[in-house]
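A look at the structure
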Amino acid sequence: MNALNIYNPVKIHFGCGLISESGKIAKKYSDSALIITGKSSMQKTGTLDRLTKNLKDAGVNPTIYDKITPNPTIDEIDEAAVIAKKKGVGLIIGLGGGSPLDSAKAVAVAAKGNIPVWNYLKTSAEEALPVITIVSTSGTGSEVNRYSVMSNPETGEKPGFGYVCMYPKEAVIDPEIMLSMPPYVTATTGFDVFVHVLEAFTGKAKNAFSSAYCMQTFYLLKDNLIKAYNEPDNIEARGNMALASALAGLAIDISGVGIIHAMEHPVSGNYPNVAHGVGLAALTIESMKYNIAACKRDFMLIAHHLGIKRAGKSDDEYAASLIEKIQEILEALNLNTGLKDLGVEKDKLAKIAGEAFTTMGFAVQNNPETIDEKEVLRLLEASY
Ligand code: NZQ
Ligand code: MN
């Protein structure tokens, strides 16, 4: 049996209305905080105002950096880190989807050092400012894991990194904040959750701990993914998707992702207008076909957890029925697109295939079926 080391120190607060606890939580760490958020959603919904008021009431002085774009760039992160240093803040608060949350962790590292954040891909970080995450999408799992994903706009590269010091201290998961997600964001982020558990459950680094998180997530997805999309005001479905996001975030913290993520990061790195979840959607079916032989039993188990009836199917047929089910889910979420529909140019596919290996090598290695660059290019072409 393989030895295992399981560690996740994030204190999780889950519940409706819990954003009102943020000030009290923040005060434990510092009297001054830098809020890292996006350009508009948290302002429009009044969530940013609620947070700043709550912080002030608790005696925490907030500074706001609200220029984070989806698929955040290293320039944004470095700029925010300079502000954190100049203000001498003792806490970073990420407010929003995966983009602001990932950025918050990267800022927390960069604010402690004297090098551009990109250099932390090669130089490990031992210390970071404390981070609190207040999540507004149910997708990436960034609220509870150590990962940060950042884009280099000059090269198109979009790697992830994650050191132990980057774990958020506390995560506030308040499903009410997610009610405002438009259908497209609900669909893309919700599908991201599915791919996290698909890849953590089938990858080479899978183990009993991550699989436990994955199995509960499959159950939650079965009843809530499409419901949250069709019934945006259904707080029960929103809450269950928020739980699914966090559980899947813990699963990938333990067991990582696979070839779908390895290919998607260079897609949205080179095409920042592509949302992470729709990039995954375009790549999932062909990747599942490639992997099915290597993880037939896992596919059968997932099919079972998603409630697919076995009814006389052979093992091969039952495993294959999972791919059909995912195709149906993609259609129900209006995410049934190819890379071409997303604006990806055909002559960029070779660059994307190369970057899957150079920037997401650990995910390529974790894929259940061994895969080389030629085969990745073939999958990209088939997903076009
Ligand atoms: O930018 P703002 O104005 O805030 O609007 C956002 C953005 O336009 C909007 N939005 C977010 N919450 C909302 C909302 N609109 C209305 N109501 C709300 N409650 O949605 C859009 C997308 O937001 P973004 O944060 O970019 O989405 P997501 O949560 O999918 O995060 C994607 C990023 O996370 C990375 C991705 O690569 C991508 O950069 N990932 C991070 C991971 C991790 N840390 O473990 C793992 C993932 O696999 C992923 O790679
Ligand atoms: Mn993802």
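Residue numbers restart at each chain and count upward from 1, following the sequence in its written direction. The naming scheme follows written order: chains are lettered A onward, ligands numbered 1 onward. At least 70 in pLDDT is required for a residue's local features to be given in this predicted model, at least 80 for side-chain atom pairs to be given and counted, and no such filter applies to totals for whole chains, interfaces and linings, which use all residues. By convention in this description, side-chain values take in all heavy atoms of the structure and omit both hydrogens and water.

Observations regarding the overall build of the protein
Put simply, the rule is: Labels follow the DSSP assignment, with helices taken as runs of H or I lasting at least four residues and strands as runs of E lasting at least two, numbered in each case from the N terminus. As defined in this context, the radius of gyration uses C-alpha atoms, and a globule is described by 2.2 Å times the residue total to the power 0.38. Only protein chains enter the calculation, and the probe is 1.4 Å; a residue is then buried if its accessible area is under 20% of its type maximum, exposed if over 50%, and partly exposed in between. Surface accessibility in these figures is a Shrake-Rupley result with a 1.4 Å probe; residues are shielded only by whichever protein chains are displayed. We count Lys and Arg on the positive side and Asp and Glu on the negative side, and we leave His and both chain ends out. To locate a charge, take NZ of a lysine, CZ of an arginine, CG of an aspartate or CD of a glutamate.
Helix and strand counts for the protein stand at 16 helices and 8 strands. Since a compact globule built from 384 residues should have a radius of gyration of about 21 Å, the 20 Å found for the protein is in line with a globular shape. When its C-alpha atoms are laid out on the principal axes, the protein stretches across 65 × 45 × 40 Å. Classification of the 384 residues of the protein by burial places 58% in the buried group. Element-wise, carbon and sulfur atoms account for 52% of the exposed surface of the protein, whose accessible area totals about 15,500 Å². Counting 37 positive and 43 negative side-chain charges, the protein places the centres of these two groups 4 Å from one another.

Regarding the pairing of strand 8 (residues 170-173)
Selection criterion: Strand pairing requires that DSSP identify at least two bridges connecting the strands.
Burial along strand 8 is two-sided: Glu170 and Val172 and Ala171 and Ile173, pointing in opposite directions, are all buried. Both strand 5 (residues 131-135) and strand 8 contribute to a ladder of 3 bridges, which runs parallel. Note on strand 8: the bridge partner recorded for Thr133 is Ala171.

Here's the deal with the coordination of the manganese ion (ligand 2)
Ideal geometry at a metal centre: 109.5 degrees between donors when four sit tetrahedrally, and 90 or 180 degrees when six sit octahedrally. Stated formally: With water omitted from the atoms examined, metal sites may look incomplete; donors here are N, O and S atoms no farther than 2.8 Å from the metal, or 3.2 Å in the case of Na, K and Ca.
Distances from the manganese ion (ligand 2) to its protein donors, Asp192 (OD), His196 (NE2), His261 (NE2) and His276 (NE2), fall at 2.0 to 2.2 Å. All donors of the manganese ion (ligand 2) belong to a single chain; written as a sequence motif, their spacing is D-x3-H-x64-H-x14-H. Of this pair, Asp192 and His196 both sit in helix 7 (residues 183-202), 4 residues apart, which is roughly one turn of that helix. Among the residues examined, Asp192 registers a relative accessible area of 2% and is labelled buried.

Examining the site of ligand 1
Formally: Residues are counted as near a molecule or strand when any one of their heavy atoms sits within 4 Å of it. Here a polar contact is recorded for every N or O atom pair within 3.5 Å, except that within protein the pair must consist of a potential hydrogen donor and a potential acceptor, and residues adjacent in sequence are included only if both atoms are side-chain atoms. In this classification, Asp, Glu, Lys and Arg are treated as charged, Ala, Val, Leu, Ile, Met, Phe, Trp, Tyr, Cys and Pro as nonpolar, and every other residue, Gly included, as polar. The domain limits used here are those given by an automatic or database domain assignment.
Taken together, 33 residues form the shell around ligand 1, and within it Gly98, Ser99, Asp102, Ser136 and Lys158 come nearest. In this structure, Asn145 approaches ligand 1 through a side-chain N or O atom, which is 2.9 Å from an oxygen atom. Across the complex, the protein chains shield 89% of the 960 Å² of accessible surface that ligand 1 would expose by itself. Of all the secondary-structure elements, those providing two or more residues to the shell around ligand 1 are helix 2 (41-44), helix 5 (98-110), helix 7 and helix 10 (259-270). Among the residues making up the shell around ligand 1, the classes are represented as 11 nonpolar, 18 polar and 4 charged. Both of domain 1 (11-179) and domain 2 (183-382) provide at least three residues apiece to the shell around ligand 1.

Digging into the domain arrangement of the protein
Stated precisely, the cut-off is as follows: The term buried area means the drop in 1.4 Å probe accessible area that two parts suffer when joined, counted for both and summed. What counts as a salt bridge is simple: a side-chain nitrogen of Lys or Arg found within 4 Å of a carboxyl oxygen of Asp or Glu.
Entries for the protein in the domain assignment read domain 1 (11-179) and domain 2 (183-382). Centre-to-centre separation of domain 1 and domain 2, based on C-alpha positions: 25 Å. Both sides together, the interface formed by domain 1 and domain 2 hides about 2,300 Å², and carbon and sulfur atoms give 57% of it. If you sort the residues of domain 1 by the area they bury against domain 2, Ser138, Lys158 and Leu179 come out on top, with a joint share of 24%. The tally of links from domain 1 across to domain 2 stands at 1 salt bridge. With its nearest N and O atoms 2.5 Å apart, the salt bridge here joins Asp253 to Arg146. Grouping the constituent residues of the side of domain 1 that touches domain 2 by class yields 12 nonpolar, 11 polar and 5 charged.

Notes on the packing of aromatic side chains
Cut-off, in case you're wondering: Working definition: rings of Phe, Tyr and Trp (its six-membered ring) pair if their centres are within 6.5 Å, and the pair is stacked with planes under 30 degrees apart, edge-to-face with planes over 60 apart, and tilted otherwise. In this analysis the charged atom, NZ for Lys or CZ for Arg, is taken to sit over a ring once it is within 6 Å of the ring centre and within 35 degrees of the ring normal.
Applying the stated criterion across every chain yields a total of 5 aromatic pairs. Centre to centre, the rings of Phe191 and Phe194 are 5.7 Å apart; their planes meet at 40°, and the pair counts as tilted. With Phe191 and Phe194 both in helix 7 and 3 residues apart, this pair spans about one turn of that helix. The same class applies to Phe191 as to Phe194, namely buried. What links up through ring pairs into an aromatic cluster is the set Phe191, Phe194, Phe201 and Phe218. The cationic tip of Lys206 hangs over the ring face of Phe201; the distance from NZ or CZ to the ring centre is 4.4 Å.

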